[in-house]
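# Commentary on secondary and tertiary structure
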Amino acid sequence: MQKFEILAKPVDMSGGFKDFFDTIGLTGGGLVTKGIAAVIAVIAVRMMLQLSGDPKTALRKGSMAIGTLFVAVVLALYGDTLFSTVTQAKG
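Residues numbered from 1 in each chain as written. Predicted model: local features only at pLDDT ≥ 70, side-chain atom pairs only at ≥ 80, totals over all residues. Heavy atoms only, no water.

Once that is clear, we can look at the overall build of the chain. Within the chain one finds three helices and zero strands. Secondary structure elements of the chain, listed N to C terminal, follow the sequence α-α-α. For the chain, with 91 residues in total, the buried portion stands at 13%. For the chain, long-range pairs separated by at least 24 residues make up 49% of all intrachain contacts whose partners lie at least 6 apart in sequence. Accessible surface, the chain: about 7600 Å² in total, of which carbon and sulfur atoms supply 69%. (Helix = DSSP H or I, 4+ residues; strand = E, 2+ residues; numbered from the N terminus. Buried < 20%, exposed > 50% of the residue type's maximum accessible area, 1.4 Å probe, protein only. Contact = heavy atoms within 4.5 Å. Areas by Shrake-Rupley, 256 points an atom, 1.4 Å probe, with all protein chains shown as cover.)

This part is about the environment of Ala37. Within the secondary structure, Ala37 is located in helix α2 (residues 28-49). Note: C-alpha distance between Ala37 and Leu75 (38 residues apart in sequence) is 5.8 Å.

A contiguous nonpolar surface patch, about 520 Å² in accessible area, is contributed by Val73, Leu77, Tyr78, Leu82 and Phe83. As for its placement among the helices and strands, Val73 is situated in helix α3 (residues 55-87). Judged by its relative accessible area of 43%, Val73 is partly exposed. (Patch = residues over 30% accessible without salt bridge, like charges linked within 9 Å, V, L, I, M, F, W, Y side chains within 5 Å. Salt bridge = Lys/Arg side-chain N within 4 Å of Asp/Glu carboxyl O.)

On to the environment of Met48, then. On the secondary structure map, Met48 appears in helix α2. Separated by 10 residues in the primary sequence, Met48 and Ala58 place their C-alpha atoms 9.0 Å from one another. Setting aside residues up to four positions removed in sequence, Met48 forms contacts with Ala65, Ile66 and Leu69.

Here it is, written out as structure tokens:
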């Protein structure tokens, strides 16, 4: 007879999306921020792949693509902190 090993403990997901986001460590706003950063990163990579043969134009477009990729990385890393200051403002 086989003995089954439990790989993960059962998790109660009766609360819906809130429970799911709690298990992965993200809030709804954090998930949206990561999604926006992913879309910006895809746009930056596409910009890099469409560089022209002219060195002057390629340098300009390449630097814009690297800047866009930098913005995507900063947004992915610190987007939750940046946007939490806007949504939790006291006035």
